[in-house]
Amino acid sequence: MEGALSFFSPSPFSSNRSNLCLPKKPLSQFSSSRASIPKVSPLARSSKRTRKPDVRISPKTAERSRISRPLDSEKINIQKLNAEVSPHRAVSAVRLLRIEQGGAFADLLNEKGRKAAENEMSYVERTLGFRTRDLDDRDIRLILRIGFFEILKLGMPPYAVVDENVKLAKAALRPGAGNLVNAVLRKLVSLKVRDCMLHTAFALITVLYFYFCAFLFSPFFLFQEKDSLPLPTLEGDDRAQARALAVIHSHPVWMVRRWTKFLGQEEAVRLMNWNNSDPCFSLRVNTAKGFKRVDLVNRLEDLMVPYELSSCMDDFVRIHTGMQIVIQAGLLKDGICSVQDESAGLVVSVVGPQPGDAIIDCCAAPGGKTLFMASCLRGKGTVMAIDINRGRLRILKEACKLLNVTNVVTTTHADLRLYAEKHNVKVDKVLLDAPCSGTGVLSKRADLRWNRQLEDLEQLKHLQDELLDAASMLVKPGGILVYSTCSIDPEENEERVAAFLQRHPEFVVHPVHPYVPPDFITDKGFLFSNPVKHRMDGSFAARLVRSLDYPC
């Protein structure tokens, strides 16, 4: 776990949206398991317990001391935490805090902690999907998520999970927090033993928390404990049913209501079930280094990793299990393949990169589409990758070296809107993979569902319009502008394109029929991948051509 904690640096790993005050001392608190951990001798512990400080505390100060402060470095016994709490679990708790309250990118945290244990980021990425309500002490919720994931998904021994997470709660928060974590996790274990269905697990944290808070100290509770927890029933008006579905399927209420409106309740439930299922991953063979899909298939067969060939992309292979085997075998590190969803590959197909093209990828990082387009150029042409996040551009630069495409890829750290105004650049093809709600990738980005609010959509739509206007300035007459998102919301997709065409009559829609299979083409000639129907991430892309009759 060496270097796993350098993400405490304020930039670029902290979000501008929130100023999360991280503790200054816990660098040693959450130290590497390989580093030397200071231990307290029994004598020192004994003296520490019996020694009474010669300090008088006022009643007001004593009252304030009983109010919990999340991860307060002044109250944490660092030596005790180092000695008793698993560093993996401690890092996971802090990273969940960084992602949820600080808006940090999970992949950036993973990049800085890539030498940590294999399951470390799995804790972070998969536990974020559990449905919880706002608790007074948010950090208890984070610890519960870790415990739930370990019991329900990793299949770890329940006694060990309960013990370790109770230690973490007591050391990082307060003794009372450990008691609550102990009660909730033990209740979960008892229900799991009673053949608790896994698909209801996403609602358990919510129900368990209020269940214990309301009845834990009630004599009636001691004698009337039920064998199973009650789940909400689909009764009442649309609002009431949406609230029930939100708890059952672990999605925000606003998202459930929106999908029910656009898709209908039955299709919305299918979509939520897809988001809560274990995702499958796609591997794209790296043709820039001379590999073919048959080479990747042979390696997977040697490793005994089950796979299936993509039916819509020639360079892609799907795997449902065995990703850790692929990583440990060095297939990614050696540049044989990259992890990329087929939906992202379809967007690149809509761009249609050809040798000799000059291409700009406007919001490029972390660079999956940039790398795919670069490999399609076969060493002839250029791809300029522009992004506002310097840290993610660094990841892209490293990936370019690994995949042998540095000769065609250049990176530019800039705000696209300012760059387009200041530089008179015109190229053949421009890809704008715009920031969006990410509702098409919730099966792999479980944090997004909780980091998005309904109010965010208005801000995102305004940003998408601004970026589209800026990207259009970079397209030469007769050139191509591709607008894409990983959203399934029509307001971020078709409606943004329609609004853009009203502002820019020099652009017209070019149907994507020659570039992708018919099953992915909408009535208006756009690309759309449906997560439930196509069993891949949801995505959208519109191919627009700039007329030769309009001056630049």
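Refer to the structure presented above.
The sections below set out a description of the structure shown in this document. (Residues numbered from 1 in each chain as written. Predicted model: local features only at pLDDT ≥ 70, side-chain atom pairs only at ≥ 80, totals over all residues. Heavy atoms only, no water.)

A look at the environment of His510
- Following the sequence through the fold, His510 ends up in the loop between β10 (507-509) and β11 (527-529).
- Note: C-alpha distance between His510 and Arg546 (36 residues apart in sequence) is 9.8 Å.
- With sequence-adjacent residues up to four places away left out, His510 is seen in contact with Tyr515, Gly525, Arg543, Leu544 and Val545. (Helix = DSSP H or I, 4+ residues; strand = E, 2+ residues; numbered from the N terminus. Contact = heavy atoms within 4.5 Å.)

Things to note about the packing of helix α13 (residues 238-249) against helix α15 (residues 265-276)
- Running from N to C, α13 and α15 point in directions that differ by 20°, and their axes come no closer than 10 Å. In terms of their interaxial angle, α13 and α15 are classed as roughly parallel. Seen along the crossing, α13 lies across α15 with a hand that is right-handed. Listed contacts from α15 to Gln241, Leu245 and His249 of α13 are Gln265, Val269, Met272, Asn273 and Asn276.
- Classifying every residue of the contact of α13 with α15 by side-chain character gives three nonpolar, five polar and no charged. (Axes fitted to C-alpha atoms, helices over the stretch in contact; angles between N-to-C directions. Parallel < 35°, antiparallel > 145°, perpendicular 65-115°, else oblique. Left-handed = near helix turned anticlockwise from the far one by under 90°. Nonpolar A, V, L, I, M, F, W, Y, C, P; charged D, E, K, R; others polar.)

A closer look at unusual backbone geometry
- Ala365 connects to Pro366 through a cis peptide bond whose omega is 5°.
- Mapped onto the fold, Pro366 is located in the loop between β5 (358-361) and α19 (368-377).
- One non-glycine residue, Arg378, adopts positive backbone phi at about 55°.
- In this fold, Arg378 is placed in the loop between α19 and β6 (382-387).
- Look at Arg378 and you get exposed, because its relative accessible area is 63%.
- Residue Asn404 is not a glycine yet carries a positive backbone phi of 65°.
- Position of Asn404 relative to the elements: it lies in the loop between α20 (390-403) and β7 (409-413).
- Residue Asn404 is classed as partly exposed on the basis of its relative accessible area, which comes to 46%. (Buried < 20%, exposed > 50% of the residue type's maximum accessible area, 1.4 Å probe, protein only.)

What about α19?
- Summarising burial for α19: eight of the 10 residues are buried, a large majority.
- Looking one or two places after α19, you find Arg378, whose phi comes out positive at around 55°.

A closer look at the packing of aromatic side chains
- Under the criterion given, the structure shown has four aromatic pairs.
- Ring centres 5.4 Å apart and planes at 55° place the aromatic pair Phe500 and Phe507 in the tilted group. Side by side, Phe500 and Phe507 carry an identical accessibility label, which is buried.
- Three or more aromatic residues joined by ring pairs make a cluster, and in this case those are Tyr483, Phe526 and Phe540. (Phe/Tyr/Trp six-rings, centres within 6.5 Å; stacked < 30°, edge-to-face > 60°.)

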